[in-house]
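These are the residues of each chain, in order.
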Amino acid sequence: MSKEMLEAFATLEKTKGIKQDVIVEAIEAALVAAYKKNYNQATNVIVEFDERRGDFKLMTEKTVVEEVHDERLEISLKDALTINRAYELGDKIRFEVAPKNFGRIAAQTAKQVIMQHLREAERNHIIDEYSQYEDELITGTVERRDNRFVYVKIGNVEAVMPRNDQMPGENYNPQDQIRVLVTHVGSDSKGAQITVSRTAPDMVKRLFEQEVPEIYDGTVEVVSIAREAGDRTKIAVKSNDPNIDPVGTCVGQRGARVQNVVNELDGENIDVVKYEEDPSDYIANALNPAEVIAVQFGDEDDEKSALVIVPDYQLSLAIGKKGQNVRLAARLTGYKIDIRPESEVEFVDESSDQAEKENKEAQSDNLVASDANSASDLTGDSAEEEPEETKTEDGLSEEVTDGETVDTTEE
């Protein structure tokens, strides 16, 4: 039996990744639980394991006393001396208990304890091993599927892919090799749980990291991703090196790099967008391939809204099929985008508006100066036309007009 026991330990460690020490602890705990179930106490139980032979021994320890009150815990001095004449009061004597003497209920308890310990050990092993792969791409094999999940074999464990993580239009048949993103590694009441996805936005990022070395080493950075899986994705990138074009780097020569990602995603359209610090330029880039005339922002209280003006003939292209283009652009940039055609919006250029304002102010100043000059001229003319009144020595007043003196004294 010992040989079979050791072989079973080796098989469990190979297939489940459970170490022998963990299995031994599980069996020891099971034997103690079975003894307690059978004898209703286990305070004096000791389990011994022989690693070389693979044998377990269940021992009970009894104290040598003068008078026995509990046979499960004590042994009389008289009985102890029959075993060995060297025993004295207070000594501890161990007795082996054969598990075959356990009842059916005790044996069932031992089995349950072993299975519980093994499940916990397997769950902890899976979590420890696969937590390092969380948010990473991994290749798996489709095993089966049902109405809720596609079950994917990853190494020695089975991961699940829920319906909302399955690509629309893709068929998953047994033995198909697929690349998935590990989105969650955890546990539930049934054990370890690994969830994978083919629709997560980060899957696109990981695929670009594998195709574009500049993204992997950090020269080109992925800023944001907006994705509607199976249809279209927008990915915003920026370069940390001024000599490198981020969009051209991601697209590759003749589109080879981005095409590899498209092929992996079963033909999903991918728009590579250049990230700009200026929100206006960033939003305009995000709406590609539509042409943008101007981007105007709302009030300070509503900083995350933008009005985008496009040519009339570009309106449908900017909005996209069922609003997809503007919807993805809004997710990519984080702005609420309202698109209006040029004919419906009175476009105001801030620079020309400022120049016009300054021009009006200058004209107003000139007009005020002109009015002042006119008033001054009018005052001078009146003074010249008014007759100059003088008085003679005898008190008579005279008016001088055009060089002639007129006597105005009443007779």
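Since we're looking at a predicted model, the values are computed, not measured.

Thresholds, definitions, all that
Residues numbered from 1 in each chain as written. Predicted model: local features only at pLDDT ≥ 70, side-chain atom pairs only at ≥ 80, totals over all residues. Heavy atoms only, no water. Buried < 20%, exposed > 50% of the residue type's maximum accessible area, 1.4 Å probe, protein only. Helix = DSSP H or I, 4+ residues; strand = E, 2+ residues; numbered from the N terminus. Contact = heavy atoms within 4.5 Å. pLDDT = per-residue confidence, 0-100. Polar contact = N/O pair within 3.5 Å; in protein donor to acceptor, adjacent residues only side chain to side chain. Core = buried A, V, L, I, M, F, W, Y, C linked by side-chain atoms within 4.5 Å.

(A) Quick look at helix H11 (residues 324-333). In terms of burial, H11 is a largely internal element, 7 of the 10 residues being buried. Those residues of H11 that sit buried are Gln324, Asn325, Val326, Leu328, Ala329, Leu332 and Thr333. For H11, the elements touching its buried residues are strand E10 (220-228), strand E11 (232-239), strand E12 (269-274), helix H9 (279-286), helix H10 (315-319) and strand E15 (336-341).

(B) Spotlight on the confidence of the model for the chain. For the chain, the average pLDDT comes to 79, and 78% of its residues sit at 70 or higher. Counted against residues more than four places away or in other chains, residues 371-411, with its pLDDT under 50, gives 28 contacts.

(C) Quick look at the environment of Ser76. Along the chain, Ser76 turns up in strand E3 (residues 74-76). When its relative accessible area of 14% is taken as the criterion, Ser76 is described as buried. Taking the C-alpha atoms as reference points, Ser76 and Leu89, separated by 13 residues in sequence, lie 8.6 Å from one another. Setting aside its immediate chain neighbours within four residues, Ser76 contacts Val64, Val65 and Val68. Of the polar contacts made by the side chain of Ser76, one reaches the side chain of Asp79; its length is 3.1 Å.

(D) A look at the nonpolar core. With 39 residues, the main nonpolar core has Ile194, Val196, Phe208 and Ile270 as its most contacted residues. Per-element accounting of this core gives the leading share, 5 residues, to strand E8 (residues 177-188). Not counting residues within four places of it along the chain, the set of residues in contact with Phe208 comprises Ile215, Ile235, Cys250, Val258, Val261, Ile270 and Val272. Judged by nonpolar contacts, the second largest core, of 21 residues, contains Ala226, Ala329, Tyr335 and Ile339.

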